[in-house]
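Examining the three-dimensional arrangement
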Amino acid sequence: MRDEYVLKKISQLLSEHDWTLYRLAKEANISYSTLSNTFHRNNVPSIATLIRICEGFGITLSEFFDEGGTPIKQLTIADQELITNFHCLPREDKGLVTAYISGLLKTSCATGEEEAL
């Protein structure tokens, strides 16, 4: 795999999310200057930085390097859509959604409610 692949893939993900480098820096908890320098100098980021970038996008390293776009087969279309939408949220909102779902689960379990799937 060529070095250019990593920067092209990051650029592709930025475009798909409609993000700037600044937004990625915030989501990935990386300094903007680190990302900016990586692109301006055409350097491949370190593994540690790439892991943070993937976390910022809400994907794994495996998903980052998956050129085939292998879909997750065990999830329904609705499940995949929910996950896709979740990945587009800022980190703070992801925490709110997670807390909300946890609260819903506690309420449903406490009342004995179960949804038939």
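One structure accompanies this document, and this report is about it. What you see is a predicted model; the values in this text were computed from it and never measured.

Membership of the largest hydrophobic core comes to 18 residues, with the highest contact counts inside it found for Ile-10, Leu-14, Leu-24, Leu-35, Ile-53, Phe-57 and Phe-64. Breaking this core down by element, the ones donating at least two residues are helix H1 (4–17), helix H2 (21–28) and helix H4 (47–57). Broken down by element, the residue count for this core peaks at five residues, all from H1. Beyond its immediate chain neighbours, meaning those up to four positions away, Phe-57 contacts Ile-10, Leu-13, Leu-14, His-17, Trp-19, Leu-24 and His-87.

Evaluation of the coordinates by the stated rule reveals one salt bridge. Here Arg-23 ties to Glu-27 by a salt bridge, and the two come within 3.2 Å at their closest N and O atoms. Here Glu-27 and Arg-23 lie together in helix H2, a separation of four residues that amounts to about one turn. On the basis of relative accessibility, which here comes to 26%, the residue Arg-23 falls in the partly exposed class.

A surface patch of nonpolar side chains, about 410 Å² in accessible area, is lined by Tyr-100, Ile-101, Leu-104 and Leu-105. For Tyr-100, the location among the structural elements is in helix H7 (residues 91–111).

The final tally for this structure, using the stated rule, is five aromatic pairs. Residues Trp-19 and Phe-57 carry aromatic rings whose centres are separated by 5.2 Å and whose planes lie at 15 degrees to one another, so their mutual orientation is stacked. Linking Trp-19 in the loop between H1 and H2 with Phe-57 in helix H4, this pair joins segments that are 38 residues apart in sequence. For the pair shown, Trp-19 and Phe-57 are each scored as buried. With centroids separated by 4.9 Å and ring planes inclined at 80 degrees, the aromatic side chains of Phe-64 and Phe-65 adopt a geometry described as edge-to-face. Here the aromatic cluster, defined as three or more aromatic residues joined through ring pairs, consists of Tyr-5, Phe-64 and Phe-65.

Each value, and the rule that gives it
- Residues numbered from 1 in each chain as written.
- Predicted model: local features only at pLDDT ≥ 70, side-chain atom pairs only at ≥ 80, totals over all residues.
- Heavy atoms only, no water.
- Core = buried A, V, L, I, M, F, W, Y, C linked by side-chain atoms within 4.5 Å.
- Buried < 20%, exposed > 50% of the residue type's maximum accessible area, 1.4 Å probe, protein only.
- Helix = DSSP H or I, 4+ residues; strand = E, 2+ residues; numbered from the N terminus.
- Contact = heavy atoms within 4.5 Å.
- Salt bridge = Lys/Arg side-chain N within 4 Å of Asp/Glu carboxyl O.
- Patch = residues over 30% accessible without salt bridge, like charges linked within 9 Å, V, L, I, M, F, W, Y side chains within 5 Å.
- Areas by Shrake-Rupley, 256 points an atom, 1.4 Å probe, with all protein chains shown as cover.
- Phe/Tyr/Trp six-rings, centres within 6.5 Å; stacked < 30°, edge-to-face > 60°.

Without other data, these values stay purely geometric and don't point to any function.
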